[in-house]
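# Commentary on secondary and tertiary structure
So you can see what is in the structure, the chains are spelled out below.
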Amino acid sequence: MDSAISDSAADRTPLLSTTTSALKIVVVGGFGVGKTTMVRSVSEIRPLNTEETMTQAGQDVDDNSAVRSKTATTVAFDFGRISLNAETVLYLFGAPGQERFWFLWDRLFAGTLGAVVLVDIRRLADSWYAIDRLEQHGTPFIVARNDFGGPKHSLDQIRDALDLAPQVPLIECDVRERESSKHVLITLVQYLYTLSTGDAQRP
Amino acid sequence: MSRPGRDDSPDRLYTVTGGRSRANSTAFDLVTLVVSEFDPAPGMQSEHRAILAMCRRPTAVVEIAAELRLPVSIVKILLSDLLAAGRVTARHPQPLPTASSLPDPLVLEQVLVGLRNL
Ligand SMILES: Nc1nc2c(ncn2[C@@H]2O[C@H](COP(=O)(O)OP(=O)(O)O)[C@@H](O)[C@H]2O)c(=O)[nH]1
Ligand SMILES: [Mg+2]
């Protein structure tokens, strides 16, 4: 049986043996904006946490001295997954949006289908940097305003405050609700579809 | 549960990889699916045995890292050893032709169907 070696294998839910391809979507935003909550609400596994260790130059642990001298920077991120069909699995990554994280973006999230920027209206500035960098990278993204109550701002006001291009979808969500998180992902993928079939301008 | 790797001293990581650097680890993406071709055997390094046990079913690199509580870069080094020895095979994600190119609409349609069925 699969659990022959590792005790913890018992609580893992393996992928179907027919799975041949994996895709990824990144959820990015400031601390406490709801990234882990969103991953949890749609994932078929309990969200897992791991970290990557890299030097400031954006390299792996380059040589023995880098490993030994603790000069490497680590970034922690969590993830969950959704088996889309017998062959394809979608991984969702929750990643911090702060500046110090971004030199890792290329290495970690290259090849991602697109990104969801989660914003909290009370801390909109937390997402400026992430939006800048996604635009620079040419990674398509949507913005989802996670509902923490508080004063109601219209989506137009938020779009202005974030200086979002008109074609970038901006929606409201409550990622504690599975249906709402699903809707966020579907909105992103529909947007990607529109872009990939050439029906809209690239962001 | 503590964060993987959090308590690992650099010395432990050094030992796990035999002090080597990144080797061919760039061949692995976070979501490369790894499949065992051999059963774990006594005498193998314990991390290698754990990987071979986990990967009897396809397992993404990032899940291996979370399970072993090791940084992804270290797991990639372990995996390149196993790959070079023919003990695992890898199913890499389809690379996009260029960094800023968009995914295939057919793939996106599949994703939409899968998400709507959730
Ligand atoms: N009111 C409200 N609280 C939320 C929502 N989404 C997440 N939270 C809460 O906000 C806190 C931080 O969420 P978390 O997912 O850990 O944020 P992260 O740091 O981005 O991963 C948790 O206590 C969540 O329960 C939401 O849509 N509305
Ligand atoms: Mg979190």
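Please read these numbers as outputs of a predicted model, since none were measured by experiment.

When its secondary structure is counted, chain B shows five helices and three strands. When the helices and strands of chain B are placed in sequence order, the string is α-β-α-β-α-α-β-α. Here the analysis covers contacts within chain B between residues at least 6 apart in sequence; of these, 68% occur between residues at least 24 apart. Counting every atom, chain B has about 5,300 Å² of accessible surface; 49% of that belongs to carbon and sulfur.

Now for the site of ligand 1. Residues and elements named next belong to chain A. Neighbouring residues of ligand 1: 14 residues in total, closest Gly-32, Thr-36, Thr-37, Asn-146 and Asp-147. One of the side-chain N or O atoms of Thr-37 is found 2.5 Å from an oxygen atom in ligand 1. Considering ligand 1 on its own, with 580 Å² of exposed area, one finds that the protein chains cover 69% of that surface. The leading source of residues in the shell around ligand 1 is helix α1 (residues 35-42), at three residues.

Take the side chain of A:Asn146 next. Residues and elements named next belong to chain A. Mapping Asn-146 onto the fold places it in strand β6 (residues 141-146). On the accessibility criterion, Asn-146 (4% relative accessible area) is buried. At a separation of 3.2 Å, a polar atom in the side chain of Asn-146 contacts the main-chain amide nitrogen of Val-175. Once residues lying within four places of it in the same chain are set aside, the contact partners of Asn-146 are Val-33, Gly-34, Leu-118, Val-119, Cys-173, Asp-174 and Val-175.

Glancing now at the confidence of the model for chain A. Residues and elements named next belong to chain A. Looking at chain A, pLDDT values average 84 and 83% of them are 70 or higher. A low-confidence stretch, residues 1-9 stays under pLDDT 50, and its non-local contacts, those more than four residues away or across chains, total 15 contacts. Predicted confidence is poor over residues 57-70, with pLDDT under 50, and the contacts of this stretch with residues over four places away or in other chains come to 34 contacts.

This paragraph deals with a negative patch on the surface. Residue and element names in this part refer to chain A. Together, Asp-132, Glu-135, Asp-156, Asp-160 and Asp-163 make up a negatively charged patch on the protein surface. Along the polypeptide, Asp-156 turns up in helix α5 (residues 155-162). By relative accessible area, which is 58% here, Asp-156 ends up exposed.

Next up on the list: unusual backbone geometry. Of note in this structure, A:Asp163 is not a glycine but carries a positive phi near 55°. Relative to the elements of secondary structure, A:Asp163 occurs in the loop between α5 and β7 (170-173). At B:Arg69, a position not held by glycine, the phi torsion is positive, near 55°. Within the secondary structure layout, B:Arg69 lies in the loop between α3 (61-68) and α4 (72-84).

What counts and how
Residues numbered from 1 in each chain as written. Chains lettered and ligands numbered in written order. Predicted model: local features only at pLDDT ≥ 70, side-chain atom pairs only at ≥ 80, totals over all residues. Heavy atoms only, no water. Helix = DSSP H or I, 4+ residues; strand = E, 2+ residues; numbered from the N terminus. Contact = heavy atoms within 4.5 Å. Areas by Shrake-Rupley, 256 points an atom, 1.4 Å probe, with all protein chains shown as cover. Near = heavy atom within 4 Å. Polar contact = N/O pair within 3.5 Å; in protein donor to acceptor, adjacent residues only side chain to side chain. Buried < 20%, exposed > 50% of the residue type's maximum accessible area, 1.4 Å probe, protein only. pLDDT = per-residue confidence, 0-100. Patch = residues over 30% accessible without salt bridge, like charges linked within 9 Å, V, L, I, M, F, W, Y side chains within 5 Å. Salt bridge = Lys/Arg side-chain N within 4 Å of Asp/Glu carboxyl O. Lys, Arg positive; Asp, Glu negative; His and termini not counted. Charge placed at Lys NZ, Arg CZ, Asp CG, Glu CD.

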